[in-house]
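For reference, the chains in residue letters:
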There are 2 protein chains.
Amino acid sequence: MSDVHAARRSQLRDRCAAAGSAAALVSRPANVRYLAGAAPPGAVLLLGPARGPSGPLGDVLLCAGPPTGGSAEGRVADGVRVQALPTPAGDAAVAAADLAAAAGADGLAVEEHDLSVSRHRALGSVAPRLRLADLGCAVEQLRLVKDEEEIACLRIAAEIADQALGELLESILVGRTERHLALELDRRLIDHGADGPAFATSVGTGPNSGLAAHPPSDRRVEEGDFLTVCLGANYRGYRCELGRTFVIGTSPADWQIELYDQVFAAQRAGREALAPDVECREVDHAARQILDSAGYGAELAPATGHGVGLENHEDPRLSPAAMGKLDACVPVTVEPGVHLPGRGGVRIDDTLVVRPEADGGPELLTITTKELLAL
Amino acid sequence: MSDVHAARRSQLRDRCAAAGSAAALVSRPANVRYLAGAAPPGAVLLLGPARGPSGPLGDVLLCAGPPTGGSAEGRVADGVRVQALPTPAGDAAVAAADLAAAAGADGLAVEEHDLSVSRHRALGSVAPRLRLADLGCAVEQLRLVKDEEEIACLRIAAEIADQALGELLESILVGRTERHLALELDRRLIDHGADGPAFATSVGTGPNSGLAAHPPSDRRVEEGDFLTVCLGANYRGYRCELGRTFVIGTSPADWQIELYDQVFAAQRAGREALAPDVECREVDHAARQILDSAGYGAELAPATGHGVGLENHEDPRLSPAAMGKLDACVPVTVEPGVHLPGRGGVRIDDTLVVRPEADGGPELLTITTKELLAL
């Protein structure tokens, strides 16, 4: 994918030039990885000035240590020069500013949403003549619409999550703790080729079911429980999300069936609302109104979905206040959930890719059934 | 421990008052947890002004969502008022600045090493009259010397790590991948009561042995390998570190024995150098010089140890450039390691608490044997 990375970097370079900065410093790990193909801990990417007294600097990945391999990390893209820090304990961002100034750059665009005030100050003091500008979320914006290679990674990540969950459902669940179920899912994700879980696997039973990002506890699965599982695989850095709720035992209670149907209807409405040029808040509204009118409005999270990619939470955000419209090839989650304090609840979470109607509409990546299974 | 938290907060309040700030905003999660007993995701702690037009504000934990329970999280300490954000998707730090200004605070000390430039700017614009100062690492400094309750947590964390590693060594290792060994260790950490791993468990075999923080790969354990394992338990937020290197098969090669002896000698020298009022760099030097004179100086990491506590890497840093001296009741790791590219290496890592000679000298928390075991 090296030429892909080079193309992304030249896109960013054009934006910087247009904004009047000859050089850019990318410090946010997911952004570094997107542009350089790898992001060793503490590494930053410097897009050097095209020309300067000491000639073109090119693109430099400044690493605190030697860039480790490790399948999760990927390899550094061609056209990026890897350079270790002059001082082992130093800050790669400071070294990058130093390098840019030495290369004759007058301005440097930095990620002010990522750099701490202290680090930003350190940049200023190591290169006082360098005019620091704000790169803003330029790289995040480039990352918003995925290419087919990125979507292929997400498709594999989803397949892995589906497999891991499917295998768990074939085993005995009653009597096992939330912690152990979460650990087994993590193991199965790895077994099926994930670089790791995409985020902390969440397992909620009984009163903990339906909660978002519930940290697995020592509570054991009991007959009659709702069981909510939310997991995802990290495949080559790309992260999907899959959430399902089940009933333990043969016959779900009426309130469980009723609640499940409402959340299912809301989640389907959200999925069906996904299309290019649709307002993000409309997708949220489609799901939210169904649960609102069912009287669960107060229980709802501020958002019913979000983008996924190299990070588990990316733009766009599917919420009432969200601005902007969806684009084709944007992967998002649709994950309404209702939790009734003391009783538990239901959460259903899919990862889909926005596609135009002509291409068959939204592409569902997480295909585990959504009918209410009694296990 | 609620009175403990209150005492910590009043210590911090005194420092702020001395520095001329009536109020302080703590945003770094480990610092929030240290002062409030819990740190839900996105939460910040506001130490409000003691008096103001609207009376004393007191200490407020501003949470993005309702503070979840979850054994890893702990409960919010007494004397801290928990408040949800006015806007669900908002930034707790911005809301805190707003609150402080409304309470009549004129100055607010913030953690400039934690807040991004963008968040810091947002604070300034929501409360333009509020004079923003830098709290610096005041809380990190308070965290440096641990009380006996904190050390008790570290002791339990170390015990859990020892147990998990001990059980792994009883199982068959040849043929299993680094990933699976790491996952089994994680499961055993949880089995023995850890809230989770203290950091990403590292397992390196053959050419990967001896590397620091090696991400487990699909390489399988083979006869004759060095096997380096580094793990830690997170117990009530406190994180220990335990690293050992073993030989697979009955008879280690001469180079393995020779290298192991050198690293062992260096690690022992580092441990024995631990005492109150000793320069941090002296501890590093004690370990480093042995490997230097053995010709491994170039292979050494910039530091041979570091503090542990609510974070896996805390002050002090044991490195040639480190300033400052050790104190009693400061827990640190001593972890020299040598990696020979293509061949592998040795890493030995203990967590100890600095104690005066009169109390028996350094307290070793991780007691797994350090003799070279052939498994």
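Everything in this summary refers to the structure shown in the same document. Keep in mind the model is a prediction, meaning the values are calculated, not measured.

### Brief notes about the interface of chain B and chain A
Point 1. Listed by partner, the interface residues are 24 residues for chain B and 26 residues for chain A.
Point 2. Across the chain B/chain A interface, buried area totals approximately 2,000 Å², and carbon plus sulfur atoms make up 60% of it.
Point 3. It is Val 117, Arg 179 and Leu 183 of chain B that lose the most area in chain B upon contact with chain A, and together they represent 26% of the buried surface on that side.
Point 4. Here chain B and chain A share 2 salt bridges between them.
Point 5. We note a salt bridge from Arg 121 of chain A to Glu 112 of chain B, for which the minimum N-O separation is 2.2 Å.
Point 6. Joining chain B to chain A, the criterion identifies 12 residue pairs in polar contact (both at pLDDT 80 or more).
Point 7. Listing elements by their share of the side of chain B that touches chain A, those giving two or more residues are α4 (117-126) and α7 (178-191) of chain B.
Point 8. Per-element accounting of the side of chain B that touches chain A gives the leading share, 6 residues, to α7 of chain B.

### With respect to the pattern of salt bridges
All names here are of chain A.
Point 1. Enumeration according to the criterion identifies 56 salt bridges over all chains in this entry.
Point 2. One salt bridge connects Glu 314 with Lys 146, and the closest N-O pair in it is separated by 2.6 Å. With Glu 314 in strand β14 (residues 314-318) and Lys 146 in the loop between α5 (138-144) and α6 (148-169), this pair connects stretches of sequence that are 168 residues apart.
Point 3. Residue classification places Glu 314 among the buried positions, given a relative accessible area of 10%.
Point 4. What you see here is one network of salt bridges that share partners, running through Arg 28, Glu 140, Arg 143, Lys 146, Glu 311 and Glu 314.

### Let's talk about the state of the cysteines
Point 1. Here the structure, examined in full by the defined rule, presents 0 disulfides over all chains.
Point 2. Sulfur of Cys 280 of chain A: no disulfide; nearest cysteine sulfur belongs to Cys 329 of chain A and is 15 Å away.
Point 3. Classification of Cys 280 of chain A as buried rests on a relative accessible area of 2%.
Point 4. The cysteine Cys 153 of chain B is free of any disulfide, with Cys 240 of chain B supplying the nearest cysteine sulfur at 11 Å.

### Remarks on the environment of Leu 35 of chain A
Residues and elements named next belong to chain A.
Point 1. Considering the arrangement of structural elements, one finds Leu 35 in helix α2 (residues 29-36).
Point 2. Note on Leu 35: relative accessible area 0%, which makes it buried.
Point 3. Residues Leu 35 and Ser 10, spaced 25 residues apart in sequence, show a C-alpha to C-alpha distance of 9.6 Å.
Point 4. Apart from residues lying up to four places away in sequence, Leu 35 is in contact with His 5, Arg 8, Arg 9, Leu 12, Val 26, Leu 45 and Val 139.

### Things to note about the sheet that holds strand β11 (residues 238-239) of chain A
Residue and element names in this part refer to chain A.
Point 1. Judged by pairing direction, the sheet is antiparallel, and its 3 strands sit side by side in the order β7-β10-β11 without closing on themselves. Either end of the sheet is taken by a strand with one partner, and the two such strands are β7 (196-197) and β11.
Point 2. Here β7 pairs with strand β10 (residues 233-235) via 2 bridges, running antiparallel. Paired with Gly 196 across the strands is Asn 234, a residue of β10.

Definitions and cut-offs
Residues numbered from 1 in each chain as written. Chains lettered and ligands numbered in written order. Predicted model: local features only at pLDDT ≥ 70, side-chain atom pairs only at ≥ 80, totals over all residues. Heavy atoms only, no water. Contact = heavy atoms within 4.5 Å. Buried area = accessible area lost by both parts, 1.4 Å probe. Salt bridge = Lys/Arg side-chain N within 4 Å of Asp/Glu carboxyl O. Polar contact = N/O pair within 3.5 Å; in protein donor to acceptor, adjacent residues only side chain to side chain. Helix = DSSP H or I, 4+ residues; strand = E, 2+ residues; numbered from the N terminus. Buried < 20%, exposed > 50% of the residue type's maximum accessible area, 1.4 Å probe, protein only. Disulfide = S-S within 2.5 Å. Pairing = 2+ DSSP bridges.

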